[in-house]
Structures are given as structure tokens and as C-alpha cells.
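# Architecture at a glance
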Amino acid sequence: MTYTEQKEREHRFALALRMGLPIFFLSSVTLFALFTQPYTSFTSLITLSIALLGIMVYFIFYLIYQSSQENITDSLTHTFTSEYFFKLAEKALTKNTHTIIMISVENLWSINERYGIKNGDKALQNSVLKLDRFFREKGIDKLPIGRYKGGDFLLFLLGEKELYTSLVELFLSKYQNYVFDEIEIRLEAVMIDSRLSNSIELLMSRLYELHHDRISSEKEELYSINELEEEILEALEEKRFSIGFWPVCCDEYSVFDTSVKLIDSQQRFIHQSRYVPVLNRLNKMRYLESEVLEQIGKVCDDQNRQFVMSVSSVTLRNPHFFEHALTLFERYPQARYKITLMFEEKEYCHQLERFAHQIAHYRKAGYKIALDRLGGYHTALLYLKELEVDVVRFDPLYIRNIKKAGYQNLIQGLNLSAHLCGAKTWMSMIEDADSDQIAQSLKINYRQGNYHGKILTIEEL
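Residues numbered from 1 in each chain as written. Predicted model: local features only at pLDDT ≥ 70, side-chain atom pairs only at ≥ 80, totals over all residues. Heavy atoms only, no water.

Our focus in this paragraph is a nonpolar patch on the surface. A surface patch of nonpolar side chains, about 310 Å² in accessible area, is lined by Leu-53, Val-57 and Phe-61. Counting through the fold element by element, Leu-53 comes out in helix α2 (residues 42-69). Residue Leu-53 is classed as exposed on the basis of its relative accessible area, which comes to 53%. (Patch = residues over 30% accessible without salt bridge, like charges linked within 9 Å, V, L, I, M, F, W, Y side chains within 5 Å. Areas by Shrake-Rupley, 256 points an atom, 1.4 Å probe, with all protein chains shown as cover. Salt bridge = Lys/Arg side-chain N within 4 Å of Asp/Glu carboxyl O. Helix = DSSP H or I, 4+ residues; strand = E, 2+ residues; numbered from the N terminus. Buried < 20%, exposed > 50% of the residue type's maximum accessible area, 1.4 Å probe, protein only.)

Okay, structure coming up:
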């Protein structure tokens, strides 16, 4: 029996006592009053018995209803519900530092689709049993496990996360990919502790940032989550950001890719991996990207230099950004045809026709459009055939494996497809002469990386 099941039984027993004791007390008082009266008639006995029976039936039904309202565990996995888990966490976080670990069944969706919902439920139950058994073997008998949503489970442990890093790594080494009843189950884990924030909501947001972006939790920021948000919003309000310009090798003209970092109150850089999730959560990303576009427009001059700016797909479709971008050339006429807006998207846009019209308007106004992560996100290939784009950039996975024959064959196929669709191709992260030579032999149009030059500041540019 897991710790959460034990707590559930204790809770139900306490609930039964809380509801049953008033009935017992009322019954005792009623019977005592009935049999101690000197004149007790048969009619009064019947009347009191019926009244007592009615009260008991009411309390029984109330007990049944109230017990369903006070469930503290999930009926499927017998782990704590998210509401009860968060109550425990909020109470504990005010006293000591605690670590929250999220263990996720990464392939739950594919298990449900291939093997059915029942087998998916069995996979969740088996994962919980493995979790509980593993930590019991390591001396942690009372392990609070909560089911947040889907295949995401939360663990709550006393102490800082460094105490449990090796333990989580050992768990993943055993169970990251395991087979149960001929079903392959894939687990992933991220962790955080309450030194960053005492708010369980903020900690959960940070956990999902770590989970989805695969950021190493060992490289934590200098600020707590609340302080980091304040620094980011202050930097955005005061327009404190730095744009780096990375040379891109191109036979036609000078091309520079751009990289943006915010600057905090101590003049330290805040990396994209930290400010992007925060600005997305606060719905402020458009404001930063509009300011960056404005600064790039100012940089454009008589020289034939092209600049590439990464924009989120949501911002690109935003009507306010669209209006700002179209009026940019009125303020900076020399910027026309010199700015490329590059975007990536994991999920296919459901309003593709409207998006295609917007892309066409951007291009007509004087922008070039680029797609990122070709070969990495399936949407890049789908958009390539649906949208008018000027450039597509390969997923970094391909340059890391460009010396392998299999990857070269895939690059040739994707490169030919892009050219036939009217788009030029781009490969980044080129670090040596051999990789660059292979990229040239594969007829990649743009090549970028430390081999072709370091990032420049605006002064160096």
C-alpha cells in the first residue's frame, strides 16, 4: 500500500468519525431522555424512534455526499488530487524549503492511441507503483505523490533539490525507458525547490518551463521567480535590451542573424531561455518584439546589409504587431527589403488561410519571411508547401550530424524540396571547415556559426 492510500484511509476514517459521532451522541441523548421519563407512552416511543430514524438516514446520506466531496486521492492512480497536494504544499512551503519533482509519462498520448485508454490507465498505475517502490527502497517511506494532469505526477520532499538530484538521476537511469506488459513507457523528470518562490503556482509554471524547454535545472538564475519577473518587466518597460548580430555566410550580400538579451538592474544579461517563458505567460512578448523590430529598422542604412529577426508565430499573427511592422518603413524607408522575419511553430495553425494572407501582406510590404526548424518540426514542412516563404533554416540536429551519410541524404532531400518551393536554405551552428565544406557541397545557400564569425555588438557592426 502506498503512502497516499494510507492517507486516504486515515482521512476517510476521520471523516466517518466526524460524521458518526454526532449521530451516536444524538441517539444516546434521545434514548436516555426517553427511558428516564417517569411517564413514557407507546406513542411517544414510536414518535421519537421515527424522528431518530429520520435524523440517522439524513446523516447517512450527508456522509455519503460529503465523502464524495472530500476525496483527497485520484480514483485511478490513488495519488493525491492536485487540490489536496497544493494544500499540503502551500502549508509546508511557509515553514521550510521543499523540493517539488515532476515525473511525466511522456508517451501517454501515444499509449492511449495505440493500446487504448485502459492500457494507458494501467501504465499510469504501474508508473506510480514504481515511483513509490523506488523511493521506499531509498528510505523515503512517506512520499506524497500528486497527480496534476494527464501523465504528470508531482512529488513533494523536504530539503533543497541538490539532496535529490542524484536520486532522480538514478531513478531515470532505471525507468526512463521501461517495458510493462509489452508496452514501452517513457518517463521524464524535472525538479525545483522553494528557494525560488513560496508560491506553488509560480513553481508549477517554472516546472513546465523546465519540462517543455528542456532547460538544465542545474543552471538556475540568480533571482527568485518573483524577482526575475520584476527584473524582466522593468527591463521591458525601460527598453533595456542588447541585440547581437551574428554574420551569416552568403554569396549575394551581407546577412546578420540577431540575438536578443534583456539587461537587468545590475547590468547582467537575462538569456532568452529565461525571459521568453515569462513574457509568454504574462502576454508581453509582442511588446519586446515590436521594440526589437524598431531598433533593427534604425540600424538599416544605405549599405546592402540584411538582418534576420526571430519572431514568435503568435506575434506574427497579432494585428497590432502587423500594423506596427507595416508602418515601420514609413519611419525607416531604407529598411524595406532588408529585414527577414523568421518564425517557428510546433502546432499547425488552424486558421491557415488567414495566416497565409498575412504572410503575403508582410512580403508585399517589403519583408522577407523565413521558417525555422526544417526537419525538426513537422509544421515547418507543412508550412513550406502552404505559405510563401523566402528562407528555411534546418533544425540544429542536422548540422550536429552532418558528417553522417544518412543525415546528408535527408538534407539533400529537404534542400531540394525547399528549392523547388522557391525558398533558400540555411544551416546554422557550423563550427569547423569540414562541416562547412559538406554544407557547401549540399548546396546550402546560407551558412552560419562560429566558423564564419562571432556575434557582434551594434557598435562593432
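After that view of the structure, there is still more to cover.
With that settled, the discussion passes to the sheet that holds strand β4 (residues 177-180). Spatial ordering of the open sheet is given by β2-β3-β1-β5-β4, a layout of 5 strands whose pairing is antiparallel. The open sheet has two edge strands with one neighbour each: β2 (145-149) and β4. Direction aside, neighbouring strands of the sheet carry axes that sit 30° apart on average. One ladder, built from 7 bridges, connects strand β1 (residues 98-105) with strand β5 (residues 183-193); its direction is antiparallel. Its bridge partner lying in β5, Met-102 is registered against Val-190. Where helix α5 (residues 117-137) meets the sheet, its contacts fall on β1, β2, β3 (152-158), β4 and β5, and the angle it forms with β4 comes to roughly 120°. (Pairing = 2+ DSSP bridges. Axes fitted to C-alpha atoms, helices over the stretch in contact; angles between N-to-C directions. Contact = heavy atoms within 4.5 Å.)

Non-glycine residue Asn-283 carries a positive phi angle of around 60°. Secondary-structure assignment places Asn-283 in the loop between α9 (272-281) and α10 (285-299). Take Asn-283: its relative accessible area is 63%, and that puts it in the exposed class.

With that settled, consider the packing of aromatic side chains. What characterises a pair of aromatic rings is the spacing of the ring centres plus the angle enclosed by the ring planes. Enumeration over the complete set of coordinates arrives at 21 aromatic pairs. Here the aromatic rings of Tyr-148 and Tyr-208 are separated by 5.9 Å at their centres, their planes lie at 45°, and the arrangement is tilted. Linking Tyr-148 in strand β2 with Tyr-208 in helix α7 (residues 200-213), this pair joins segments that are 60 residues apart in sequence. Seen in terms of ring centroids, Phe-329 and Tyr-367 are 4.6 Å apart; in terms of plane orientation they differ by 40°. Their pairing is tilted. Taken together, the positions of Phe-329 in helix α12 (residues 319-331) and Tyr-367 in the loop between α13 (352-365) and β11 (368-374) put the pair 38 residues apart, joining distant regions of the chain. (Phe/Tyr/Trp six-rings, centres within 6.5 Å; stacked < 30°, edge-to-face > 60°.)

Where β2 meets β3, 4 bridges bridge the pair, whose relative direction is antiparallel. If you follow Gly-146 over to β3, its bridge partner there is Leu-154. Here β2 folds back onto β3, and the loop between the two strands holds 2 residues, one of which, Gly-150, carries a positive phi near 55°.

The next point concerns the pairing of β1. Most of β1 sits inside the fold, with 8 of its 8 residues counted as buried. A two-sided burial pattern is seen for β1, the buried positions comprising His-98, Ile-100, Met-102 and Ser-104 on one face and Thr-99, Ile-101, Ile-103 and Val-105 on the other. Here β1 pairs with β3 via 7 bridges, running antiparallel. Among the inter-strand pairings, Ile-101 is bridged to a residue of β3, identified as Leu-155.

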